[in-house]
Amino acid sequence: MTEAMLTPWGEALDREHPLPEYPRPQLRRNSYLNLNGIWEYAITKTAEKPAAMQGEIVVPFSPETPLSGVGHILQPDEYLWYRRSVTLPEGFFRGGRLLLHFGAVDQRCTVWVNGQEAGSHTGGYLPFALDVTELIEGDAFTLELRVTDPTDTGSLSRGKQRLKNTGIWYTPQSGIWQTVWMECVPENYLRSLRITPKPEENAVHIRLEADDPAMAAVTICRDGGIIAEGQTDENGESTLTIPAEELRLWSPENPFLYDAAITLAGGDRVESYFGMRAFGIGKDEKGLPRLLLNGKPYFQNGLLDQGYWSDGYYTAPSDEALIHDIAEMKRLGFNMLRKHIKVEPLRWYYHCDRLGMLVWQDMMNGGESYSPLSIYVFSNLGLRVKDDRYRYFSRSDEAGRTHYYEELGQMIDLLYNTVSLALWVPFNEGWGQFDAAETADHIRTMDPGRLIDHASGWHDQGAGDVYSRHVYFRPYRFKADDKGRAAALTECGGYSFRVEGHSEKSGEFGYKKLKNADELMAAYRKLYEQELIPSIEKGLSAIVYTQLSDVEGETNGLLTYDREVIKLPVEEIARINRRVTLEKPEQPKETGGEAAEEKAAISETEEVLQGAAEDQGESES
């Protein structure tokens, strides 16, 4: 393995008990057995079980990561094997069913319990559970997995992983990368829970999925006291009224959460939470379209958040690390994070809910190898290409398109109860985009209470709620949408400053390179004060700056990859962010002509174009 750049939490990792926290805060039970820790592993060229394992791996870190203790990039023609022995604690199984949960396994896996196949799963980002009750006799059993991962040689969702990592494409990873755990449930147990807040009605709607969801007891509490009680009907649904004197709306400034408890017939009891909030689109006092929170214009000022860590890659080294990123960005004055091409563990969303951080959630991209025509050339020529031309968008594989919709639905179901989740982003910059307008309609049917940016960056099909633009290489000039959607700058900035000792030894990628922190601060200040803040009065409704942290050779984060350094003064960033409001901004003094700015921008564009060409045109520019 190469020398690892560890985060503070990676330095303190307990290899025997990593990430021990209950992984599903939105649906909690008392029954819980965490299976993270040291497992055995092997890597083979055949699908036959190996006669012997090769070493130890720390689950849930992928074998590619420093924290796994392995340091091997799984190839498309290789098989990754896991094995461990499990002993159930005394009294853990009290009758009913034993469920085995995997937070995420990238990308195809088969699971055996005591040598018998328990099930399989395809897709690298979403959780799945297997009922293993009939496969376990006594309190001890052996658990085995076989995993394959084609990464970018296949057409399924892969995010920003690529076998040849460079620029905005990162080291691939495979296998288990979220918590593995077990629980014991009654025969009639709650499989899923949907909570829909209706603040305009002072009510909350509950929908349960179980074999028998009728007559379940539902209790709503505030600050430990019961404020509403009810029962579900024969379909497992119930609408409870929140007394007016108990109503508190959720917002980033006041992230108030109510507690909920549900008890099914047969004794299954789960606990959850929710917040009373509503998202929408509406016009301000000037008639300009705005993003709304709880019926009022609310400017969403955020960051692109890749969710990568220098030591765990997709997997944060601890729960405290997840909290750190959210809390630090809130301290800097941001109120939104755009989770970019990745689904996080549910605890990340829980921390956004309780700390008060809005979330824009991207769907993971897939498709065949991307063409520079679709992801770069067409957009820079100003061409609006209809995205039902599947070949141009690397979506010729019908099975891959079908699986995209399956995963999209699973992701919406998984995150539906996330209080802070304001907006869905099904496609980004043409990466495997197809039928985006129809996809937006599909999302609206599944989740009518949230907003949609149907094609972030370019290849706009005229759908969704947001007129979405990415601007990196030239000054931002506000443009209103002719369809009446809210205008949003959904990626910008990307200014690079490489901090020695806290960056990878080779490579520096960004959309504008700065030599030191002072230059970075000056560029950041100019962007906001001369381009973005003046545009708010004209109708700009959201900003997403690139990005929260460095990732590998991409050095355009506000934090270094190891999270050790904040590159800019906290007080100055917070001061600028306080001005990012819907109030009339103070107009800055001009420091140069637009012609000079455009000339410099063109020069920068040419430099990055050369790099994009060397990277097969695959750039997030």
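Here, the structure is the one placed above.
Rules of the game
- What you see as residue numbers is a count from 1 along each chain, following the sequence as written.
- This being a predicted model, a pLDDT of at least 70 is required before a residue's local features are given, and a value of 80 or more before pairs of side-chain atoms are given or counted; all residues contribute to the totals for chains, interfaces and linings.
- To obtain the side-chain values, all non-hydrogen atoms of the structure were used and water was disregarded.
- Helix and strand labels come from DSSP, where a helix needs a run of H or I of at least four residues and a strand needs a run of E of at least two; each type is numbered from the N terminus.
- A radius of gyration in this sense is built from C-alpha atoms; the matching globule rule multiplies 2.2 Å by the number of residues raised to 0.38.
- Residue exposure (1.4 Å probe, protein chains only): buried if accessible area is under 20% of the type maximum, exposed if over 50%, otherwise partly exposed.
- Residues are treated as being in contact if the distance between any of their heavy atoms lies within 4.5 Å.
- For the area figures, the Shrake-Rupley method with a 1.4 Å probe applies, and any residue is considered shielded solely by the protein chains shown.
- Stacked, edge-to-face and tilted are the three classes for Phe, Tyr and Trp ring pairs, Trp counted by its six-membered ring, which pair at centre distances within 6.5 Å; planes under 30 degrees apart are stacked, over 60 edge-to-face, the rest tilted.
- Angular values range over 0 to 180 degrees, each being the angle between N-to-C directions of two axes fitted as lines to C-alpha atoms, with helices fitted over their stretch in contact.
- For classification purposes, an angle smaller than 35 degrees is called roughly parallel, one larger than 145 roughly antiparallel, one from 65 to 115 roughly perpendicular, and anything else oblique.
- Classification used: nonpolar for Ala, Val, Leu, Ile, Met, Phe, Trp, Tyr, Cys and Pro, charged for Asp, Glu, Lys and Arg, polar for all others including Gly.
- Salt bridge, as used here: a side-chain nitrogen of Lys or Arg that lies within 4 Å of a carboxyl oxygen of Asp or Glu.
- Paired strands, as defined in this entry, are two strands with at least two bridges between them according to DSSP.
- Here, nonpolar core means buried Ala, Val, Leu, Ile, Met, Phe, Trp, Tyr and Cys residues that are tied together by side-chain atoms lying within 4.5 Å of each other.

### Some words on the overall build of the chain
Next, step 1: Regarding its fold elements, the chain presents nine helices and 32 strands.
Next, step 2: Relative to the 2.2 N^0.38 estimate, which gives 25 Å for 621 residues, the radius of gyration of the chain is 24 Å and therefore close to what a compact globule would have.
Next, step 3: For the chain, the spread of C-alpha atoms along the principal axes amounts to about 80 × 60 × 45 Å.
Next, step 4: Burial statistics for the chain: of 621 residues in total, 62% are counted as buried.
Next, step 5: The contacts of the chain with a sequence gap of at least 6 include a subset with a gap of at least 24, amounting to 69%.
Next, step 6: Total accessible area on the chain stands at roughly 23,700 Å², and carbon and sulfur atoms take up 48% of it.

### With respect to the packing of aromatic side chains
Next, step 1: All told, the structure shown has 32 aromatic pairs when counted by the stated rule.
Next, step 2: Look at Trp 169 and Trp 431: their rings are 4.8 Å apart centre to centre, the planes differ by 50°, and that puts the pair in the tilted class. Of this pair, Trp 169 sits in the loop between strand 10 (140–148) and strand 11 (175–176) while Trp 431 sits in the loop between strand 26 (421–425) and helix 6 (436–446), and the two are 262 residues apart along the sequence.
Next, step 3: With a centroid separation of 5.7 Å and 75° between ring planes, the pair formed by Phe 473 and Tyr 511 is classed as edge-to-face. With Phe 473 in the loop between strand 28 (466–471) and strand 29 (486–493) and Tyr 511 in the loop between strand 30 (495–496) and strand 31 (512–513), this pair connects stretches of sequence that are 38 residues apart.
Next, step 4: Residue class for Tyr 511 comes out buried when judged on its relative accessible area of 2%.

### Concerning the packing of helix 7 (residues 517–536) against helix 8 (residues 570–579)
Next, step 1: The contact between helix 7 and helix 8 brings their axes to 11 Å, and the two run at 5°. Taken together, the axes of helix 7 and helix 8 lie roughly parallel to each other. Note on element contacts: helix 8 touches helix 7 through Glu 572, Ile 573, Arg 575, Ile 576, Asn 577 and Arg 579, opposite Met 521, Tyr 524, Arg 525, Tyr 528, Glu 529 and Ile 533.
Next, step 2: Here the residues of the contact of helix 7 with helix 8 are counted per class, giving six nonpolar, one polar and five charged.

### Let's talk about the environment of Ala 4
Next, step 1: Tracing the chain through its elements places Ala 4 in the segment before helix 1 (8–11).
Next, step 2: For Ala 4, a relative accessible area of 34% translates into the label partly exposed.
Next, step 3: Note: C-alpha distance between Ala 4 and Asp 482 (478 residues apart in sequence) is 50 Å.

### Section: the pattern of salt bridges
Close approach of charged atoms allows side chains of opposite charge to pair.
Next, step 1: All chains considered together, the criterion is met by 36 salt bridges.
Next, step 2: Each of Arg 525, Glu 529, Glu 572, Arg 575 and Arg 579 takes part in one network of salt bridges that share partners.

### Some points on the environment of Leu 130
Next, step 1: Tracing the sequence through the fold places Leu 130 in strand 9 (residues 128–131).
Next, step 2: By relative accessible area, Leu 130 is classed as buried at 10%.
Next, step 3: Sequence separation between Leu 130 and Ala 517 is 387 residues, and the spatial gap between their C-alpha atoms is 50 Å.
Next, step 4: Apart from residues no more than four positions distant in its own chain, Leu 130 is found in contact with Leu 98, Leu 99, Leu 100, Val 111, Ala 118 and Gly 119.

### Concerning the pairing of strand 28
Next, step 1: Buried residues dominate strand 28, accounting for six of its six residues.
Next, step 2: In strand 28, alternate side chains face the same way, and those of Val 466, Ser 468 and His 470 on one face and Tyr 467, Arg 469 and Val 471 on the other are all buried.
Next, step 3: Of the strand pairs in this sheet, strand 28 and strand 29 are connected by six bridges, and their pairing is parallel. Across the sheet, residue Ser 468 finds its bridge partner in strand 29, namely Ala 488.

### Details of the sheet that holds strand 32 (residues 540–546)
Next, step 1: The eight strands lie next to each other as 27-26-25-24-23-32-29-28, forming an open sheet whose pairing is parallel. Strand pairing shows two members of the sheet lacking a second neighbour, strand 27 (451–452) and strand 28, which therefore form its edges.
Next, step 2: The pairing of strand 23 (residues 300–305) with strand 24 (residues 336–339) spans four bridges and is classified as parallel. Residue pairing in the sheet places Gly 302 in a bridge with Met 336 of strand 24.

### So, helix 3 (residues 346–355)
Next, step 1: The buried fraction of helix 3 amounts to seven of the 10 residues, a majority that puts the element mostly inside the structure.
Next, step 2: For helix 3, the set of buried residues is Leu 346, Arg 347, Trp 348, Tyr 349, His 351, Cys 352 and Asp 353.
Next, step 3: Looking at the buried residues of helix 3, the elements they touch are strand 19 (269–274), strand 23, helix 2 (319–331), strand 24, strand 25 (358–362) and helix 5 (398–415).
Next, step 4: Remark: Gly 356 follows helix 3 within two positions and exhibits a positive phi of approximately 90°.

### Examining the sheet that holds strand 1 (residues 33–34)
Next, step 1: Overall, antiparallel pairing links the four strands, which are arranged 1-12-5-9 in an open sheet. Two strands in the sheet have a free side with no partner beyond their single neighbour: strand 1 and strand 9.
Next, step 2: Of the strand pairs in this sheet, strand 5 (residues 97–102) and strand 9 are connected by four bridges, and their pairing is antiparallel. Paired with Leu 99 across the strands is Asp 131, a residue of strand 9.

### Considerations on the pairing of strand 10
Next, step 1: Of the pairings in the sheet, the one linking strand 4 (residues 79–87) to strand 10 comprises eight bridges and is antiparallel in character. Residue Leu 80 lies in a different strand from strand 10, and its bridge partner there is Val 147.
Next, step 2: As defined by bridge partners, strand 7 (residues 108–113) adjoins strand 10 across six bridges and the pair is classed as antiparallel. For Cys 109, the partnering residue across the bridge sits in strand 10 and is Val 147.

### Digging into the nonpolar core
Next, step 1: Counting 78 residues, the largest nonpolar core has Met 411, Tyr 524, Tyr 528 and Tyr 545 as the members making the most contacts within it.
Next, step 2: In terms of residue count, helix 7 provides more of this core than any other element does, nine residues in total.
Next, step 3: Ignoring anything within four residues of it in the chain, the contact list for Met 411 reads Leu 126, Val 343, Gln 361, Asp 362, Met 363, Met 364 and Trp 424.
Next, step 4: If you look at the next biggest cluster of nonpolar residues, it comprises 35 residues, including Ile 43, Val 59, Val 86 and Phe 102.

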